[in-house]
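# Coordinates in review
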Amino acid sequence: MEQERIEEIVGILTNLVSIPSPTGNTEKAISYVEEFLKEVGVETTRNRKGGLIATIPGKDTSSHRMLTAHLDTLGAMVKEIKPSGRLKIDLIGGFKYNSIEGEYCTIETSSGKTYTGTILMHQTSVHVYKDAGKAERNQDNMEIRIDEKVHSAGEVRALGIEVGDFVSFDPRVEVTPSGYIKSRHLDDKASVAILMELIKKIKTDDIELPYTTHFLFSNNEEIGYGGNSNITPETVEYLAVDMGAMGDGQSTDEYTVSICVKDASGPYHYGLRKKLVSLAEEHGIPYKLDIYPYYGSDASAAIRSGHDIVHGLIGPGIDSSHAFERTHKLSLGHTAALLFEYVQSDMVL
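Below, the structure is looked at part by part. These numbers come from a predicted model, not from an experiment. (Residues numbered from 1 in each chain as written. Predicted model: local features only at pLDDT ≥ 70, side-chain atom pairs only at ≥ 80, totals over all residues. Heavy atoms only, no water.)

### Points about the overall build of the chain
The secondary structure content of the chain amounts to seven helices and 19 strands. For 349 residues, the compact-globule estimate of 2.2 N^0.38 gives 20 Å, and the chain sits close to it at 21 Å. Seen through its C-alpha atoms, the chain measures out along the principal axes to roughly 65 × 40 × 40 Å. Going through the 349 residues of the chain one by one, you find that 55% of them count as buried. For the chain, contacts bridging at least 24 residues in sequence account for 75% of all contacts bridging at least 6. Just so you have it, the chain exposes about 14900 Å², and 49% of that area is on carbon and sulfur atoms. (Helix = DSSP H or I, 4+ residues; strand = E, 2+ residues; numbered from the N terminus. Rg over C-alpha atoms; globule rule 2.2 N^0.38 Å. Buried < 20%, exposed > 50% of the residue type's maximum accessible area, 1.4 Å probe, protein only. Contact = heavy atoms within 4.5 Å. Areas by Shrake-Rupley, 256 points an atom, 1.4 Å probe, with all protein chains shown as cover.)

### What about the nonpolar core?
Counting residues in each nonpolar core, the largest one holds 76 residues, and the members touching the most others are Val-33, Leu-37, Leu-195, Phe-215, Phe-217 and Leu-339. No other element matches the 10 residues that helix H4 (residues 186–204) contributes to this core. Sequence-distant contacts of Phe-215, defined by excluding residues within four places in its chain, comprise Leu-52, Ile-53, Ala-54, Ile-56, Leu-67, Leu-195, Leu-198, Ile-199 and Ile-202. By size, the runner-up hydrophobic cluster in this structure holds 24 residues, among which are Leu-74, Ile-89, Ile-100 and Ile-146. (Core = buried A, V, L, I, M, F, W, Y, C linked by side-chain atoms within 4.5 Å.)

### Topic: helix H2 (residues 27–39)
In this model, H2 (13 residues) spans 18 Å end to end at C-alpha, consistent with the 18 Å of a helix rising 1.5 Å per residue. Looking at H2, one finds that the buried residues are Ala-29, Ile-30, Val-33, Phe-36 and Leu-37. In an axial view of H2, the angular spread of the buried residues amounts to 125 degrees, which keeps them on one side of the axis. Seen from the open side of H2, the exposed residues pointing more than 90 degrees away from its buried face are Lys-38 and Glu-39. Packed against the buried residues of H2 are helix H1 (3–17), strand E1 (44–46), strand E2 (52–56), H4 and strand E12 (211–218). With its phi angle positive at about 90 degrees, Gly-41 sits one or two positions after the end of H2. (Expected span 1.5 Å × (residues − 1). Arc of directions from axis to C-beta.)

### Some words on the pattern of salt bridges
In the structure shown here, the tally under the stated rule is 17 salt bridges. Between Glu-237 and Arg-65 there is a salt bridge; the shortest N-O distance is 2.9 Å. Of this pair, Glu-237 sits in strand E13 (residues 235–241) while Arg-65 sits in strand E3 (residues 60–70), placing them 172 residues apart in sequence. Glu-80 is the partner of Lys-88 in a salt bridge, and the nearest nitrogen-oxygen pair spans 3.7 Å. If you follow the salt bridges from partner to partner, you end up with Glu-27, Glu-34 and Arg-46 in one network. (Salt bridge = Lys/Arg side-chain N within 4 Å of Asp/Glu carboxyl O.)

Okay, here's the thing in structure tokens:
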């Protein structure tokens, strides 16, 4: 894949991860994608859930494809304003409190005003708390220290902060000289960036797709139902583009495209999986087959909601998912290359 395309994906990605979009508060990120697609000449619509749908008409309008990636990320909400002026939080998405200990964050009030803070253990100081290292990282022990001069719940509320305000985590995005991208929220903004660049490539090169193809940028995946609606009756193939999970026993790495054969929802469509492998091998695209044991995608949500579709899942390999994530430009490029071939290929049925 051309280096220029990879660099464009990385540029889009660094912009995306810097836009807060915890599930339930994704408007700014959706608007960013919406404006990007408008500039490349693609019309979009929004569903009632707030997701964005772009459609490129194809030669065959009777059979459709849908590709999806999600813009919503992990985050939190203010659960309680403590008498001390610190905030108790409630998590949004499936992750553990220890993965955000010490993280900088932003609290956004209902009026749109923002305040910064740090997520800490209540028993942080080893000079005061004997068991600081042993205390459980949980909702009761962790809190936000707001970067304002507040010492009571009343002073916090005077700032406009209230229960239900959204909390987003500092992405700390960095692109290293060796080609790694380190950031929170690569799940799934890496795949969103890949789809955005793919759409631009199709439009810029005036490529006629064999089938009408929909691109759904969903905004509720982290809570399980981002991509289970707005699937046209003509849709035959539904491909989720999400992260490949890495860890002990996994074959996924940061340098190839990961093709999921099974996750917690069960096996993905065997025929589509074989088609993706065939395309990768035909075009010399490095790939890994893998099973993600504790994982569900927008494609599995669509199947669970009763849609009669052929479903698949691919994506770049992401290290330390739902924590301090990292991938490599090679994985982004190989995922983009496979998608480019896929949208121009024949369907499996």
